[in-house]
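Coordinate inspection notes
Spelled out from the first residue to the last, the chains are:
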Amino acid sequence: VQLQASGGGLVQAGESLRLSCVVFGRTYTDFGMGWFRQVPGAEREFVGAIRRSDSITYYADYVKGRVTISRDIDKKTMYLDMYNLKPEDTAVYYCALSKQYSSTWPRDLSTYDYWGQGTLVTVSS
């Protein structure tokens, strides 16, 4: 299984951006997928996630109200729509997939089995 994230780029503060994450390879029913982000020298941090069974979404407090996660099962694609972007949103964004339930999902990185390569989002002021 491989995940490919795309859609990053340079945007102005206040603008919107959509990231995509496509799942390639042998597929099966996963538990859920998530988005994380990381800046140099910092830990990778949780942005949000979506549970496959019922499409319930989870968001980090610092992005709540400014991002929406969705998923198209048929297209094997997850999306991260970001609105009103701020310079502090500048980071490499990673998508990830969890094969099964864990009590610490979705915020725990270790609960994800596969990761995409990351896509850089740069927000200028």
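This text gives an overview of the structure that appears in the document. Because the structure is predicted, anything quoted here is derived from the model rather than measured.

**Re the overall build of the chain**
Within the chain, the secondary structure is distributed over 0 helices and 11 strands. The linear arrangement of helices and strands in the chain, starting from the amino end, is β-β-β-β-β-β-β-β-β-β-β. Scaling as 2.2 N^0.38, a compact globule of 125 residues should have a C-alpha radius of gyration of about 14 Å, and the chain matches this with 14 Å. Considered along the principal axes of its C-alpha atoms, the chain spans approximately 40 × 30 × 25 Å. The buried share among the 125 residues of the chain stands at 42%. Long-range pairs, those at least 24 residues apart, make up 56% of the contacts in the chain with a sequence separation of at least 6. Here the chain has roughly 6500 Å² of accessible surface; of this, 48% comes from carbon and sulfur atoms. Here the chain contributes 14 positive and 13 negative side-chain charges, whose respective centroids are spaced 5 Å apart.

**Describing the pattern of salt bridges**
Counted by the stated rule, this structure contains 8 salt bridges. Across the salt bridge formed by Glu45 and Arg37, the nearest N and O atoms sit 2.7 Å from each other. A residue is classified by how much of its surface remains accessible, and Arg37, at 7% relative accessible area, is buried. Across the pair Asp54 and Arg51 runs a salt bridge whose closest N-O atoms are separated by 2.5 Å.

**A word on the state of the cysteines**
According to the stated counting rule, one finds 1 disulfide in the structure shown. Covalent S-S linkage joins Cys21 and Cys95, the inter-sulfur distance amounting to 2.1 Å. Judged by the sign of its S-S torsion, about 70°, the cystine formed by Cys21 and Cys95 is right-handed. You can see Cys21 sitting in strand 3 (residues 17-24) and its partner Cys95 sitting in strand 9 (residues 91-98), a full 74 residues away along the chain. Here Cys21 matches Cys95 in class, with each residue buried.

**Here's the deal with the sheet that holds strand 8 (residues 77-82)**
Spatial ordering of the open sheet is given by 1-3-8-7, a layout of 4 strands whose pairing is antiparallel. Every interior strand has two partners, whereas the edge strands, strand 1 (2-6) and strand 7 (67-72), have only one. Going from strand to strand, the sheet's axes swing by 15° on average, the running direction of each strand aside. Summarising the sheet, strand 3 and strand 8 pair through 6 bridges and their orientation is antiparallel. Looking at strand 8, one finds that Ser20 is bridged to Tyr79.

Criteria and thresholds
- Residues numbered from 1 in each chain as written.
- Predicted model: local features only at pLDDT ≥ 70, side-chain atom pairs only at ≥ 80, totals over all residues.
- Heavy atoms only, no water.
- Helix = DSSP H or I, 4+ residues; strand = E, 2+ residues; numbered from the N terminus.
- Rg over C-alpha atoms; globule rule 2.2 N^0.38 Å.
- Buried < 20%, exposed > 50% of the residue type's maximum accessible area, 1.4 Å probe, protein only.
- Contact = heavy atoms within 4.5 Å.
- Areas by Shrake-Rupley, 256 points an atom, 1.4 Å probe, with all protein chains shown as cover.
- Lys, Arg positive; Asp, Glu negative; His and termini not counted.
- Charge placed at Lys NZ, Arg CZ, Asp CG, Glu CD.
- Salt bridge = Lys/Arg side-chain N within 4 Å of Asp/Glu carboxyl O.
- Disulfide = S-S within 2.5 Å.
- Pairing = 2+ DSSP bridges.
- Axes fitted to C-alpha atoms, helices over the stretch in contact; angles between N-to-C directions.

Just geometry here; none of it tells us what the structure is for.
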